[in-house]
Structures are given as C-alpha cells and as structure tokens.
Amino acid sequence: AWQLLRTSILEIYRQNSGKLSFEELYRNAYNMVRQNNGDRLYQGVERLIEDHVAGVCRALLAVVDESFLGSYCK
C-alpha cells in the first residue's frame, strides 16, 4: 500500500494526477492506519514532502539570473 501511495504522491508533485483514483489512495492510507502502520505512513509522507521541498529549493538556488521569478512561479 505504501509503494502505491508513494508513487501516487510523486505523480501529484509532477502534476500528473489525471489517472489516479483518489478513492483508492484514501482507502490504502486508511487501511495502513487501521493495520497500525500509521507511523510508517506519516513518516513516509513527511519524508516525501521534505525531499520535494529540498529539490525545489535546490532548483531555485541554481537560478541566479532574471528567470528566477519565472522559475519560482513554476
């Protein structure tokens, strides 16, 4: 269940969520919590968010010219 959720979250970050079933994702997250894997779910999501934000920061720091604002908006 976690691998499906992880892959789906990454697809959402790539703005490619058109084919995802949010009902299925919710059900998988719910089942993880019910099976006492809530900590794994929380820590996994937390790590994905941290990695994504760190990647965005690295990309923005690499832009030093006038395209910074455009890169920031993207």
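The rules behind each value
Positions within a chain are numbered from 1, following the residues in the order the chain's sequence is written. Note on the predicted model: pLDDT of at least 70 is required for a residue's local features to be given, and 80 or more for side-chain atom pairs to be given and counted; whole-chain, interface and lining totals, by contrast, use all residues. Each side-chain value is worked out from all heavy atoms of the structure, with water and hydrogens disregarded. In this analysis an axis means a line fitted to C-alpha atoms, helices contributing only their contacting stretch, and an angle means the value between N-to-C directions, from 0 to 180 degrees. Each helix is a run of DSSP H or I of at least 4 residues and each strand a run of E of at least 2, with the numbering of both proceeding from the N terminus. Oblique is the label for every angle not falling under 35 degrees (roughly parallel), over 145 degrees (roughly antiparallel), or within 65 to 115 degrees (roughly perpendicular). Left-handed describes a crossing whose near helix is turned anticlockwise from the far helix by less than a right angle; the clockwise case is right-handed. Residue contacts follow a heavy-atom distance rule, with two residues in contact if any of their heavy atoms lie within 4.5 Å. Put simply, Ala, Val, Leu, Ile, Met, Phe, Trp, Tyr, Cys and Pro go in the nonpolar bin, Asp, Glu, Lys and Arg in the charged bin, and everything else, Gly too, in the polar bin. The predictor attaches a confidence to each residue, called pLDDT, with possible values from 0 through 100. Residues adjacent in sequence count toward polar contacts only when both atoms are side-chain atoms; beyond that, a polar contact is any pair of N or O atoms within 3.5 Å, and within protein one must be able to donate a hydrogen and the other to accept it. Put simply, two rings from Phe, Tyr or Trp (the six-membered ring, in Trp's case) pair if the centres are within 6.5 Å, and we call them stacked under 30 degrees between planes, edge-to-face over 60, tilted for the rest. For every residue, the accessible area (1.4 Å probe, protein chains only) is compared with the maximum for its type, and the residue is labelled buried under 20%, exposed over 50%, or partly exposed between those bounds. Any Lys or Arg side-chain nitrogen located within 4 Å of an Asp or Glu carboxyl oxygen qualifies as a salt bridge.

Draft legend 1. Looking closely at the packing of helix α1 (residues 2–13) against helix α2 (residues 22–34). Orientation of α1 relative to α2, taken along the N-to-C sense of each, is 135°, at an axis distance of 10 Å. By the criterion of interaxial angle, the relationship of α1 to α2 is oblique. Read as a crossing pair, α1 and α2 show a hand that is left-handed. Across the interface between the two elements, W2, L4, L5, S8 and I12 from α1 touch F22, E24, L25, N28, A29 and M32 from α2. Partitioning the contact of α1 with α2 into residue classes produces eight nonpolar, two polar and one charged.

Draft legend 2. Region of interest: the confidence of the model for the protein. For the protein, per-residue confidence averages 90 on the pLDDT scale, and residues scoring 70 or more make up 89% of the total. By mean pLDDT, helix α4 (residues 68–73) is the weakest element of the protein at 69, and α2 is the strongest at 97.

Draft legend 3. Focus on the side chain of S8. With respect to the element layout, S8 can be found in helix α1. A distance of 2.8 Å separates the side chain of S8 from the backbone oxygen of L4, its partner in a polar contact. Ignoring anything within four residues of it in the chain, the contact list for S8 reads L20 and L25.

Draft legend 4. Quick look at unusual backbone geometry. The backbone phi angle of Q15 is positive, close to 60°, even though this residue is not glycine. Checked against the element boundaries, Q15 lands in the loop between α1 and α2. Even without a glycine there, the phi angle at N36 is positive, about 60°. Here N36 shows up in the loop between α2 and α3 (38–62).

Draft legend 5. The packing of aromatic side chains, seen in detail. On inspection of all chains with the given rule, the structure shows one aromatic pair. Note on Y26 and Y30: the rings are 6.3 Å apart at their centroids and 15° apart in plane angle, and the pair reads as stacked. Taken together, the residues Y26 and Y30, both in helix α2 and four residues apart, mark about one turn of the helix. The class for Y30 is partly exposed, based on a relative accessible area of 42%.

Draft legend 6. Structural detail: the pattern of salt bridges. On inspection of all chains with the given rule, the structure shows three salt bridges. Residue R27 pairs with E23 through a salt bridge whose shortest N-O separation is 3.8 Å. Within this pair, R27 and its partner E23 are both found in helix α2, separated by four residues, close to a single helical turn. Residue E23 is classed as exposed on the basis of its relative accessible area of 60%.

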